[in-house]
Structure formats: C-alpha cells, structure tokens
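Coordinate analysis (summary)
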Amino acid sequence: NDFSTNLVVKLQSWGRIEGTVWEYGKLVTNQAIWGSAANGSPTESLHTEFRTNTDAQGRFAFAFVPPGKYSIYRMIPTGNGGSSGGPREVVQVQPGETASVKVGGTGRPVVGRMKVLNPYVAIDWSTGRNYFSANSIYPRPPENLASREEIEAWRNQPEIQKAYDTVRHYPMRMAADGSFRMDEVLPGKHEMFIQILDPRDPNAMASPNAQSTSPSA
C-alpha cells in the first residue's frame, strides 16, 4: 500500500481568473458566466466548475481556482426561460497567478430558417422540447487507431489539444416560424444538430440531423 509509506503531498497555490465579456463591440452586463475544467486538464476529473454574473462594466472574476486549463463561456438566453453556453475561451491558470481572458467580441451573425418537407405538419420551432445546436468541427482520430491507448496518445498530442481548445459552440435562438440566429460565428466549417418532436405524437422523437455550413467573414 503506497499510502502506508512516507508520502509527500505538495499543494499548489490557488489561482484566479478575471476578464470581460463582449457581444461584438458591446460589453455584456449582468449575464451568467460559467467556467469549467477543459478537456485534458487534470482538474477535469474533479468536475471543477465556477459560476458568477458580469457586473455593470461587463467584468467578472473567479477566485480560489485550482491550477489547470479552463473553458470560460457566457450563458446565452435561448427563449422559454432556457439558456445555453456560448462560444468559449480556454485559459490556463498557473499557481498563485491571475489569468486574464476576453470572452466574445469576434465573429459574425448567422441567420436562416428551417422548414419541413411535409407542409401539413405544423412545427413549433420555439418549443423547449426540441433540440438545436451548432459547433465548429471537432478533430477526428485516424481510422487506423484500434485501441483506446492509441486514441489517447493521439488525443494528447499538443497540436490535437490545441485543435480541441479552438472548438466553439453556438446556441441557436429559434423563432416559432423556424427562423434562427447564431451570434459571433467564426469563419470555417461547422456542424448543426437538429432534433424535433412530431407534434402529432408528443412521445415521438425524430432522428438527429446534421449538416455543415461555412459562414464567411
């Protein structure tokens, strides 16, 4: 038993995260900001999470943060009392230091409208029971990786870690007529996931659908 021998445990100093939150060129005030351990961070297994609101100047801060890598994002209202995490920023917190981050303020809006092929089935696209999301493309492991160890080794490569850190999620704000809006979308390929309930049967869920889009900058 390793714990029965002399064991030295070295504790690191708390860190701190502070920053500002933007939507395009405007500071976002009094809105929920969340922070959680990013993929690949040692604190990920601890399910570390922080929550606060921006102040009147769009600022926020998290104190007593364990050293590690964190995703910082604002919760964007999506209607019907719900909200969803917006595009994130990844920040590295060092022991005893303050990490500064600017959340938002880049990208462009993407708007569109969804339609079903059957015109006799009216869909209320704004109901909270349907599911919509969009994100930039995640890195895909090579098909020749067979074992879990090989996939983990691929996943831990610095360039793959960096690619994961740049993945952004975009809440879709839906209207009842199927029109939608996503904000601060960066140029590139994206995936859109749509899952709707059949209004004729509240227990019938359509299969998820995905497609790619490439907004211009």
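Let me begin by describing the structure that accompanies this report. Bear in mind the structure is a predicted one, so any value in this text is a computation, not a measurement. (Residues numbered from 1 in each chain as written. Predicted model: local features only at pLDDT ≥ 70, side-chain atom pairs only at ≥ 80, totals over all residues. Heavy atoms only, no water.)

1. Looking at the packing of aromatic side chains
For the structure on display, the rule yields 8 aromatic pairs. Centre to centre, the rings of tyrosine 138 and tyrosine 164 are 5.9 Å apart; their planes meet at 55 degrees, and the pair counts as tilted. Taken together, the residues span a long stretch of sequence, with tyrosine 138 in the loop between strand E11 (131-136) and helix H1 (148-155) and tyrosine 164 in helix H2 (residues 158-165) at a distance of 26 residues. A relative accessible area of 28% means that tyrosine 138 is categorised as partly exposed. On the accessibility criterion, tyrosine 164 (13% relative accessible area) is buried. Sitting over the face of the ring of tryptophan 22, lysine 102 holds its NZ or CZ atom 5.1 Å from the ring centroid. In this structure, arginine 155 is placed above the aromatic ring of tyrosine 164, and the distance from its NZ or CZ to the ring centre is 3.6 Å. (Phe/Tyr/Trp six-rings, centres within 6.5 Å; stacked < 30°, edge-to-face > 60°. Helix = DSSP H or I, 4+ residues; strand = E, 2+ residues; numbered from the N terminus. Buried < 20%, exposed > 50% of the residue type's maximum accessible area, 1.4 Å probe, protein only. Lys NZ or Arg CZ within 6 Å of the ring centre and 35° of its normal.)

2. Here we look at the environment of lysine 102
Structurally, lysine 102 is set in strand E9 (residues 98-103). With relative accessibility at 46%, the residue lysine 102 sits in the partly exposed group. Between the C-alpha atom of lysine 102 and that of tryptophan 22, which follows or precedes it by 80 residues, the distance is 7.5 Å. When near neighbours in sequence (up to four residues on either side) are disregarded, lysine 102 contacts Thr20, Trp22 and Glu89. (Contact = heavy atoms within 4.5 Å.)

3. Here's the deal with the pattern of salt bridges
Using the criterion set out here, one finds 11 salt bridges in the structure. A salt bridge links arginine 51 to glutamate 49, with the nearest nitrogen and oxygen atoms 3.0 Å apart. The class for arginine 51 is exposed, based on a relative accessible area of 53%. Taking relative accessible area as the criterion, glutamate 49 reaches 41% and is therefore assigned partly exposed. Linked through salt bridges whose partners overlap, the residues forming this network are Glu23, Arg74, Arg173, Arg181 and Asp183. (Salt bridge = Lys/Arg side-chain N within 4 Å of Asp/Glu carboxyl O.)

On their own, these measurements won't tell you what the molecule is for.
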